Amino acid sequence: MKRYWILPAVLTVALAACGGGKPSSSQMQSSQAAAQPANTPTAQQPATQAADTDASSAPMTTPDWFHYDKATNSVRMTITAGLTPVLNHWNFNGGTHGNIIITVPEGAKVTLTFTNADSAMAHTLGIVDKVGGYSATPTLPPVFKGAVTTPHSAAAGINPGKSQTLHFTASKAGNYAMICYMAGHAVLGMWLHFDVSAAGKAGVQSLVAGS
Ligand SMILES: [Cu+2]
C-alpha cells in the first residue's frame, strides 16, 4: 500500500513548489487540470458562454456611452465595434454573446452613433427581432425603420475608422438584439441584447468590466 502513496506525495510537493504553496484544494484542481491538458480550451468556452448569458442579473446603469432624456423620451448612444480585442475585435463596446443588455423605453427616439474601431475589417449594426441562434449570413430586416447601418451584408459594412449615425424610434416593446451582418460575426457572438421596455426602463446591464 505504501508505494501507492509515494507518487501522489511527490506530485503534491512538486505542485506546491510551482504554485507557491496554494491550499490543498487548489492543488487538487491544479493536478486535475494538468492531467487533462487537451480538455482545457474546450472546457473554458462553455463556462464563458454560460456566464455571458446572465447579464439580466447585472444592475441597470447609465455608462458614459448611454444618455436618456426623460423629458423628450430620447436616447443617445455610442456603439463602437472593436472597442476591445475581445472575440478578434468582433464586439460592440466590448460585449459579445448578449453579455450586454441595452434597454430603451417604448416609443423612445434613438440616436445611435456607430463607429468601427476594428482596424482589420468592416462591421455592421442592425436591430433585429431575433435573439441568438443566427445563421452565418443573417439577412434579418431591421425591426425599426432606420435601425441598421448602410451597407449591411455578409460582405459589406462600415469600414475601419468610419462612423454612421442612425435615427429610429423604438416603437414596439419587446426583446430584440443588436447584430453584425458580416459573414460569421453574429453566429460567433457579435451581438448584444436590445430590449424595448413597455414600463419605460432605460439603461445598460453589463457583464463586461468598464462598459
Ligand atoms: Cu462584425
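Residues numbered from 1 in each chain as written. Predicted model: local features only at pLDDT ≥ 70, side-chain atom pairs only at ≥ 80, totals over all residues. Heavy atoms only, no water.

Draft legend 1. How the structure looks around the sheet that holds strand 6 (residues 163–169). Pairing within the open sheet is mixed, and its four strands lie in the order 1-2-4-6. Strands with a single pairing partner mark the edges of an open sheet, and in this sheet they are strand 1 (66–69) and strand 6. This sheet shows a mean twist of 15 degrees between the axes of neighbouring strands, independent of strand direction. As paired elements, strand 2 (residues 74–81) and strand 4 (residues 109–116) share eight bridges and run parallel to each other. Among the inter-strand pairings, Met 77 is bridged to a residue of strand 4, identified as Leu 112. (Pairing = 2+ DSSP bridges. Helix = DSSP H or I, 4+ residues; strand = E, 2+ residues; numbered from the N terminus. Axes fitted to C-alpha atoms, helices over the stretch in contact; angles between N-to-C directions.)

Draft legend 2. Representation of unusual backbone geometry within the structure. The amide bond that connects Thr 150 to the next residue, Pro 151, takes the cis arrangement and shows omega of 0 degrees. Mapped onto the fold, Pro 151 is located in the loop between strand 5 (126–128) and strand 6. Here Asn 88, not a glycine, exhibits a phi torsion of approximately 60 degrees, which is positive. Inspection of the secondary structure assignment puts Asn 88 in the loop between strand 2 and strand 3 (100–105).

Draft legend 3. Inspection of the coordination of the copper ion at higher detail. The protein atoms that coordinate the copper ion are His 123 (ND1), Cys 180 (SG), His 185 (ND1) and Met 190 (SD), at distances of 2.0 to 2.5 Å. The coordination sphere of the copper ion comprises four donor atoms, whose angles at the metal cover 93 to 131 degrees; the geometry is tetrahedral. Sequence spacing of the donors to the copper ion: H-x56-C-x4-H-x4-M. Placement of the pair is His 123 in the loop between strand 4 and strand 5 and Met 190 in the loop between helix 4 (185–188) and strand 8 (191–197), with a sequence separation of 67 residues. The class for His 123 is buried, based on a relative accessible area of 0%. (Donors = N, O, S within 2.8 Å, 3.2 Å for Na, K, Ca; no water. Tetrahedral: all angles 85-135°; square planar, octahedral: opposite > 155°, others 65-115°. Buried < 20%, exposed > 50% of the residue type's maximum accessible area, 1.4 Å probe, protein only.)

Draft legend 4. Structural detail: the sheet that holds strand 3. Spatially, 5-7-8-3-9 is the arrangement adopted by the five strands of the open sheet, whose pairing is mixed. Either end of the sheet is taken by a strand with one partner, and the two such strands are strand 5 and strand 9 (203–206). Pairs of neighbouring strands in the sheet enclose a mean axial angle of 25 degrees, with direction left out of account. Bridge count between strand 3 and strand 8: five bridges; the pairing is parallel. Counted as the bridge partner of Thr 103 is Asp 195 from strand 8.

Draft legend 5. Looking closely at the environment of Ala 173. Mapped onto the fold, Ala 173 is located in the loop between strand 6 and strand 7 (174–179). According to the relative accessible area criterion, Ala 173 is partly exposed, its value standing at 27%. A C-alpha to C-alpha distance of 7.4 Å links Ala 173 and Asp 195, two positions 22 residues apart in sequence. Ignoring any residue separated from it by four or fewer positions in sequence, one finds Ala 173 in contact with Glu 106, Val 196, Ser 197 and Ala 198. (Contact = heavy atoms within 4.5 Å.)

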